[in-house]
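The chain contents come next:
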Amino acid sequence: MRLHLLLLLALCGAGTTAAELSYSLRGNWSICNGNGSLELPGAVPGCVHSALFQQGLIQDSYYRFNDLNYRWVSLDNWTYSKEFKIPFEISKWQKVNLILEGVDTVSKILFNEVTIGETDNMFNRYSFDITNVVRDVNSIELRFQSAVLYAAQQSKAHTRYQVPPDCPPLVQKGECHVNFVRKEQCSFSWDWGPSFPTQGIWKDVRIEAYNICHLNYFTFSPIYDKSAQEWNLEIESTFDVVSSKPVGGQVIVAIPKLQTQQTYSIELQPGKRIVELFVNISKNITVETWWPHGHGNQTGYNMTVLFELDGGLNIEKSAKVYFRTVELIEEPIKGSPGLSFYFKINGFPIFLKGSNWIPADSFQDRVTSELLRLLLQSVVDANMNTLRVWGGGIYEQDEFYELCDELGIMVWQDFMFACALYPTDQGFLDSVTAEVAYQIKRLKSHPSIIIWSGNNENEEALMMNWYHISFTDRPIYIKDYVTLYVKNIRELVLAGDKSRPFITSSPTNGAETVAEGWVSQNPNSNYFGDVHFYDYISDCWNWKVFPKARFASEYGYQSWPSFSTLEKRWGLTMLSRLVLNSWAQAILPPQPPKVLGLQVSSTEDWSFNSKFSLHRQHHEGGNKQMLYQAGLHFKLPQSTDPLRTFKDTIYLTQVMQAQCVKTETEFYRRSRSEIVDQQGHTMGALYWQLNDIWQAPSWASLEYGGKWKMLHYFAQNFFAPLLPVGFENENTFYIYGVSDLHSDYSMTLTVRVHTWSSLEPVCSHVTEHFVMKGGEAVCLYEEPVSELLRRCGNCTRESCVVSFYLSADHELLSPTNYHFLSSPKEAVGLCKAQITAIISQQGDIFVFDLETSAVAPFVWLDVGSIPGRFSDNGFLMTEKTRTILFYPWEPTSKNELEQSFHVTSLTDIY
């Protein structure tokens, strides 16, 4: 057995003794099912599904229809057990605790056959006193109850009135009553994910032994005093004092790079005690602030806090401190009713651009450090500065927030409630109170988190009557809503964290919601707060469809993942290597899984109307909606080869998704500085969604495992710091310049027109130099389309396409953007482009020198399952040659790339 033993040492006179011992129980446990007919080893942290797969008892859960085939796993009651010897003399310690950082979800805990407690909340941290039951040799059992059966029992016991929804839509193939259990809500299924209600110990479990006193929690918040113009640091430490006498001593707080060292005297009375320290940073010291990506550096300062206590007991904590301010500005806007809704970071208005984050996998033991970094690096590589951690998933692991701090990714943090009404009986509220208080303490020191939000869409669900509640019963549910999110969660946030704003829901009307008694008649108003917007019927190329709102926190369109992600076997790709490595480290002896690779589908599944394709689509009518939206502007695939048709359809759904979200996002970005028909001043665009939880059609721009869809490449451009945006209104063509920069810059705008039949532009226009003001969106160019076509010779709407970019001194300052004057399916002169590539290597980067025989829209470069990303993709190729770089995520060779490389453009399916 592998030992995980942490010794915390303290000076005691001339010798050295241990002040605290912590022994981790992670590693190999025994798992058995409810009737004892199945027993197997399993890793902790981990879950039953992963243990079964590791032992070769089930296939990969994501293979074909296994979400239904393995439903039995979630419906059984499993027991985790372990016998272990404490590697230190237990009698020398005054207090011994069992710490469970994360239990999934409902369990009874027995220690040496004595029941010591129960768990009912996946998001809480549990501590149980085992001082009187622990021995040198011990046994521990966690007897789990199926979360599905528990939720059904809790719902049945709530007899006063129904708390909807009972079950998810049938197309989601999920489980019922998820709102009655404090568990990852999407684990019971969602419209982009499968139903895998896991059971297991999903975070660390350990034994802690200590004398005198123990530091339970340590958290802090930097606070800026505007009146004094200086920074302060509030530090809160929670102790368990087991000494029978008061424990005195001093605390030394040191931040060397800020020339700060302060000493405090303290005295801890027996029992649970909180120590609050207030550290002043001299105003004579320059404090560098933390900035979001694209706006400055992510400067942090190393801090040590040393508690020197009676008896030679020393407790030291180290942390990185970041200084930043965040304000949510809700104020009147000239020319518009309502209020603004935008964020100031360090006093500077920031346009939030990014996406929504869901859990990276149904099985959290698959989510490795490497995978998290890969996904979050893809966020900043696409010029995003914000992620919304959506309320139907999990509060992410510490490393997620540490990476966001490091990379400059702002986090809109939902509490974990989504698309449902919830009970408010005392037991449920007590569990939520413990959960929220713990998560605030755990997360408040991260500068990346800029706002707390009570839930996802529950105000809208209530007030727009998603669940068909009678008007006479609505006050009951409004009372429950206010009880849960206002009287409980809001009060906990206000008491525990004064460093960032709180809103009750998303979408919400913000201050107007408060004024209306915490629920608004129309939570999706364009004049207040944030909006969620989805419309799969209207033409997504028509920008007038979209709401000119203050902030768009959800919007999007579906597409299918690439064929390489859907194939029957991934082999040892980056993701599966990471998964296997995590298992190999946790399971002893390190036996590899019997299935080498992650199976997804079989050959009979590879058509758009196959049973598999219909099964993986969890959004009602989603496949038809994608084809409908694509058919508005593109010719649908007509190949006689079914596999070719499937691949072409996948490609076209990605083209459609990318172009739709591009159009909508550019509309929001150009609306930041204007009021039109009393609406505008949009200051945020977070599309739904960033990542996938499995291999299926969804709104994501990153496929399962991290491969970039066409949408993510488009996001890299439509979220660029400087961007020209083209659109038409009343047959006039406009180009707006959008800047997220802090400074003004002099530049020119170049507008070119190509015919579809020629690689040489038919006309080009360069504006006079102008100054683009930082943080604004302004009109740079305006011309009637008829004049544009006349000026460019023989152009018609169907035969020509417009491209444009910003530059200074012949240096490109923006991506090259484009505007279609007609639907590509109506294009005249568009011919099949022969595109070739010569691949060379420069260090770790590969160079693709492309050459085309004709203008090619939506050029897609694919290297199959080789992990990595291109510098650009899905682009409009109007020049004969173009150079694209490929950044591999793991070692590969030029030969492997050449064998896997494939290029597609829209002309290949016409």
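For clarity, every value in this text was computed on a predicted model and none was experimentally measured.

Caption draft 1: View of the confidence of the model for the protein. When pLDDT is averaged along the protein, the result is 94; 95% of the residues meet or exceed 70. Confidence drops under pLDDT 50 across residues 1-17; counting only partners more than four residues distant or on other chains, this segment forms 40 contacts. Here residues 570-597 is a poorly scored stretch, pLDDT under 50, and it has 57 contacts once near neighbours within four places are set aside; other chains count.

Caption draft 2: Representation of the pattern of salt bridges within the structure. Counting across every chain of the model gives 40 salt bridges. Between Asp-862 and Lys-707 there is a salt bridge, with its nearest N and O atoms 3.0 Å apart. Separated by 155 residues along the polypeptide, Asp-862 in strand E47 (residues 856-862) and Lys-707 in the loop between strand E35 (684-687) and helix H16 (710-718) bring together distant segments of the chain. The salt bridge involving Glu-728 is made with Arg-797; its shortest N-O contact spans 2.7 Å. Of this pair, Glu-728 sits in strand E36 (residues 722-729) while Arg-797 is found in the loop between helix H17 (785-791) and strand E42 (800-808), placing the two residues 69 residues apart along the sequence.

Caption draft 3: Local environment of the sheet that holds strand E25 (residues 348-350). As summarised here, the arrangement of the three strands in space is E23-E24-E25, forming an open sheet in which the pairing is antiparallel. On the outer flanks of this sheet lie strand E23 (326-329) and E25, each paired with one strand and no other. Adjacent strand axes in the sheet meet at a mean angle of 35°, parallel and antiparallel pairs treated alike. Across four bridges, E23 lies against strand E24 (residues 342-345) in antiparallel orientation. Bridge pairing in E24 places Leu-328 opposite Phe-343.

Caption draft 4: Examining the state of the cysteines more closely. What the rule picks out here adds up to four disulfides. Disulfide pairing is shown between Cys-167 and Cys-176; the S-S distance is 2.0 Å. The S-S bond linking Cys-167 to Cys-176 shows a torsion near 105°; that makes this disulfide right-handed. Classification of Cys-167 by relative accessible area gives partly exposed; the value is 39%.

Caption draft 5: Inspection of the nonpolar core at higher detail. The biggest cluster of nonpolar side chains holds 160 residues, and the ones touching the most others in it are Leu-376, Phe-400, Phe-415, Ile-489, Phe-848 and Phe-858. Looking at this core, the element that brings in the most residues is helix H15 (residues 642-670), giving eleven residues. Filtering out sequence-adjacent residues up to four positions away, Phe-400 remains in contact with Trp-357, Leu-372, Leu-376, Leu-387, Val-389 and Val-411. Judged by nonpolar contacts, the second largest core, of 40 residues, contains Phe-53, Tyr-70, Phe-84 and Ile-130.

Caption draft 6: Highlighting the pairing of strand E22 (residues 313-321). Across nine bridges, the pairing between strand E21 (residues 301-309) and E22 is antiparallel. Paired with Met-303 across the bridge in E22 is Ala-319. Linkage of E21 to E22, two consecutive antiparallel strands, is achieved through a turn of three residues, within which Gly-311 is found at a positive phi near 80°.

Caption draft 7: Just the sheet that holds strand E17 (residues 230-241), in detail. Spatial ordering of the open sheet is given by E16-E17-E20, a layout of three strands whose pairing is antiparallel. The open sheet is flanked by strand E16 (213-225) and strand E20 (271-280), the only strands paired with a single partner. Neighbour-to-neighbour, the strand axes of this sheet turn through a mean angle of 15°, independent of strand direction. Two elements, E17 and E20, share ten bridges in a ladder whose sense is antiparallel. Bridge pairing in E20 places Ser-237 opposite Val-275.

Caption draft 8: Seen up close, unusual backbone geometry. The omega angle of the peptide bond from Asp-104 to Thr-105 is 0°, so this bond is cis rather than trans. In this fold, Thr-105 is placed in the loop between strand E7 (103-104) and strand E8 (106-111). Note the cis peptide between Pro-164 and Pro-165, where omega equals 0°. Structurally, Pro-165 can be placed in the loop between helix H4 (147-157) and strand E12 (188-190). Its identity is not glycine, yet Gln-259 carries a phi of approximately 50°, on the positive side. According to the relative accessible area criterion, Gln-259 is exposed, its value standing at 66%. Even without glycine at this site, Asp-677 takes up a positive phi of about 50°. Within the fold, Asp-677 resides in the loop between strand E33 (675-676) and strand E34 (679-680).

Caption draft 9: Geometry of the layout of surface pockets. Taken as a whole, the second largest pocket spans an internal volume of roughly 790 Å³. The element that contributes the greatest number of residues to the lining of the second largest pocket is E12, accounting for three residues. Considered class by class, the residues forming the lining of the second largest pocket number 20 nonpolar, seven polar and seven charged.

Caption draft 10: Representation of the packing of aromatic side chains. Taken as a whole and judged by the stated rule, the model has 72 aromatic pairs. Judged by centre distance (5.3 Å) and plane angle (75°), the rings of Trp-192 and Trp-390 are edge-to-face. Taken together, the residues span a long stretch of sequence, with Trp-192 in the loop between E12 and strand E13 (193-195) and Trp-390 in the loop between strand E27 (386-389) and helix H6 (398-407) at a distance of 198 residues. A relative accessible area of 2% places Trp-192 in the buried class. Ring geometry for Tyr-713 versus Trp-860: centroids 5.7 Å apart, planes at 80°, classification edge-to-face. One end of the pair, Tyr-713, is in helix H16; the other, Trp-860, is in strand E47, and 147 residues separate them in sequence. A single burial state applies to Tyr-713 and to Trp-860, both of which are buried. Among the aromatic residues, ring-to-ring pairing joins Phe-533, Trp-543, Phe-546, Tyr-555, Phe-667, Tyr-668, Phe-727, Tyr-734 and Tyr-736 into one connected group. Against the face of Tyr-736 rests Arg-670, its NZ or CZ located 5.9 Å from the ring centre. A cation over a ring is seen here: Arg-882 above Phe-875, with NZ or CZ 4.1 Å from the ring centre.

Cut-off values and rules
Residues numbered from 1 in each chain as written. Predicted model: local features only at pLDDT ≥ 70, side-chain atom pairs only at ≥ 80, totals over all residues. Heavy atoms only, no water. pLDDT = per-residue confidence, 0-100. Contact = heavy atoms within 4.5 Å. Salt bridge = Lys/Arg side-chain N within 4 Å of Asp/Glu carboxyl O. Helix = DSSP H or I, 4+ residues; strand = E, 2+ residues; numbered from the N terminus. Pairing = 2+ DSSP bridges. Axes fitted to C-alpha atoms, helices over the stretch in contact; angles between N-to-C directions. Disulfide = S-S within 2.5 Å. Buried < 20%, exposed > 50% of the residue type's maximum accessible area, 1.4 Å probe, protein only. Core = buried A, V, L, I, M, F, W, Y, C linked by side-chain atoms within 4.5 Å. 1 Å grid on protein atoms, 1.4 Å probe; cavity = no way out; pocket = protein on both sides within 12 Å on 5 of 7 lines; lining within 4 Å. Points joined across faces, edges and corners; volume = space filled by probe spheres on them. Nonpolar A, V, L, I, M, F, W, Y, C, P; charged D, E, K, R; others polar. Phe/Tyr/Trp six-rings, centres within 6.5 Å; stacked < 30°, edge-to-face > 60°. Lys NZ or Arg CZ within 6 Å of the ring centre and 35° of its normal.

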